[in-house]
Amino acid sequence: MITTQLRYFDEYLLFASANEPNVENATQMAVLTSYHQKFIDAVRSTGGKNGYCTLVIQGPLTDIEKTNNLMTTLPTDSAEKRLMAEVHYYTPYQFCLMTEDATWGKMFYYWEASYHSTTDLTRNANGGEEAELDAFFKFMKTKFVDKGIPVILGEFRAITRTSLTGDDLTLHLNSRAYYLKYVVKQAKANGLLPFYSDA
């Protein structure tokens with residue numbers, strides 16, 4: 001068992017219980033919570049520093065909205081105040097990760113009103129901008145941080161649109177830089193620990 005091999009590592013080692021667990025409703029959340037509980041019990045049983053190391057519990061799909069709505073409780077832990085919650089942030093998807101247009105929507109190249117294009121209007125984000133980000137991060141602050149439960153923003157990124165050129169590329173790059181800076185700023189303001197994903 002990997003936890004047995006690593007049970008004497010220091011606090012810089014964090015074990016996580018899952019990776020973007022696919023949960024859509026309360027019934028599935030109950031199953032996920034039982035998995036989280038087994039994970040906690042298994043790690044703690046290996047002794048050494050695993051008896052009190054911090055463990056990361058991922059929310060459903062690591063989606064902030066689903067975590068806020070479905071993750072109504074954390075599993076029990078024999079170590080006091082040694083659990084962290086984890087979520088990811090790729091909103092809006094069309095700006096952050098989408099790589100080709102779909103029937104339901106187009107890729108966004110420009111995020112935030114100050115960086116919207118005046119010539120390429122269909123590529124401006126039409127949702128998921130500052131107000132929504134602020135609300136999502138506030139959910140995590142209220143649900144966890146304010147109760148003494150740390151939250152890792154374990155992944156966030158916005159891909160670079162390399163097909164763009166000239167002024168469009170400059171505007172996109174400035175918009176992307178603003179997005180990343182804003183995510184980090186608001187994460188820290190709400191007590192979330194942001195980790196950029198360079199996948």
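Heads up: these notes are all about the structure in this document. Being a predicted model, the structure only gives us computed values, none of them experimental. (Residues numbered from 1 in each chain as written. Predicted model: local features only at pLDDT ≥ 70, side-chain atom pairs only at ≥ 80, totals over all residues. Heavy atoms only, no water.)

1. Concerning helix α6 (residues 166-189)
Between its first and last C-alpha atoms α6 spans 35 Å; for 24 residues at 1.5 Å apiece the expected length is 34 Å, and the two agree. Those residues of α6 not exposed but buried are His172, Ser175, Arg176, Tyr179, Leu180, Tyr182, Val183, Gln186 and Ala187. Here the buried face of α6 lies against β3 (83-89), α4 (93-96), α5 (130-143), β4 (151-156) and β5 (192-194). Just downstream of α6, Gly191 is the residue with a positive phi angle, here 80 degrees. (Helix = DSSP H or I, 4+ residues; strand = E, 2+ residues; numbered from the N terminus. Expected span 1.5 Å × (residues − 1). Buried < 20%, exposed > 50% of the residue type's maximum accessible area, 1.4 Å probe, protein only. Contact = heavy atoms within 4.5 Å.)

2. A look at the layout of surface pockets
Here the largest pocket defines a volume of roughly 210 Å³. Where the lining of the largest pocket is concerned, the elements lending two or more residues are α3 (64-70), β3 and α5. A breakdown of the residues in the lining of the largest pocket according to their chemical character gives 5 nonpolar, 3 polar and 4 charged. (1 Å grid on protein atoms, 1.4 Å probe; cavity = no way out; pocket = protein on both sides within 12 Å on 5 of 7 lines; lining within 4 Å. Points joined across faces, edges and corners; volume = space filled by probe spheres on them. Nonpolar A, V, L, I, M, F, W, Y, C, P; charged D, E, K, R; others polar.)

3. As for the packing of aromatic side chains
Two aromatic rings, taken as a pair, are described by how far apart their centres are and by the angle between their planes. Inspection of every chain in the model, using the stated rule, returns 12 aromatic pairs. Centroid distance Tyr89 to Phe136: 6.2 Å. Interplanar angle 70 degrees. Geometry classified as edge-to-face. Pair noted here: Tyr89 is in strand β3 and Phe136 is in helix α5, with a separation of 47 residues, a long-range link. For the residue pair Tyr89 and Phe136, the accessibility class agrees, reading buried in each case. Arranged with centres 6.1 Å apart and planes meeting at 55 degrees, the rings of Trp111 and Tyr182 form a pair that is tilted. Of the two residues, Trp111 is situated in the loop between α4 and α5 and Tyr182 in helix α6; the sequence distance between them amounts to 71 residues. Trp111 gets classed as buried once you look at its relative accessible area, which sits at 0%. One aromatic cluster is present, formed by Phe95, Trp111, Tyr115, Tyr178, Tyr179 and Tyr182 through successive ring pairs. (Phe/Tyr/Trp six-rings, centres within 6.5 Å; stacked < 30°, edge-to-face > 60°.)

4. Some points on the nonpolar core
Counting residues in hydrophobic clusters, the biggest one holds 41 residues, and the most contacted among them are Leu55, Tyr89, Phe137, Phe144, Leu153, Tyr179 and Val183. Where this core is concerned, the elements lending two or more residues are α2 (26-45), β2 (55-58), α3, β3, α4, α5, β4 and α6. Discounting residues that sit within four places of it in the chain, Val183 has contacts with Tyr89, Leu133, Phe137, Leu153 and Phe156. Grouped together as the second largest cluster of nonpolar side chains are 5 residues, Met98, Met107, Tyr109 and Leu164 included. (Core = buried A, V, L, I, M, F, W, Y, C linked by side-chain atoms within 4.5 Å.)

5. Describing the sheet that holds strand β1 (residues 15-16)
The 5 strands are arranged β1-β2-β3-β4-β5 in an open sheet whose pairing can be described as parallel. The open sheet is flanked by β1 and β5, the only strands paired with a single partner. Packing against the sheet, α2 makes contact with β1, β2 and β3, and its axis sits at approximately 170 degrees to β2. (Pairing = 2+ DSSP bridges. Axes fitted to C-alpha atoms, helices over the stretch in contact; angles between N-to-C directions.)

6. Regarding the environment of Leu171
Relative to the helices and strands, Leu171 resides in helix α6. Among the residues examined, Leu171 registers a relative accessible area of 22% and is labelled partly exposed. Taking the C-alpha atoms as reference points, Leu171 and Trp111, 60 residues apart in sequence, are found 9.7 Å from one another.

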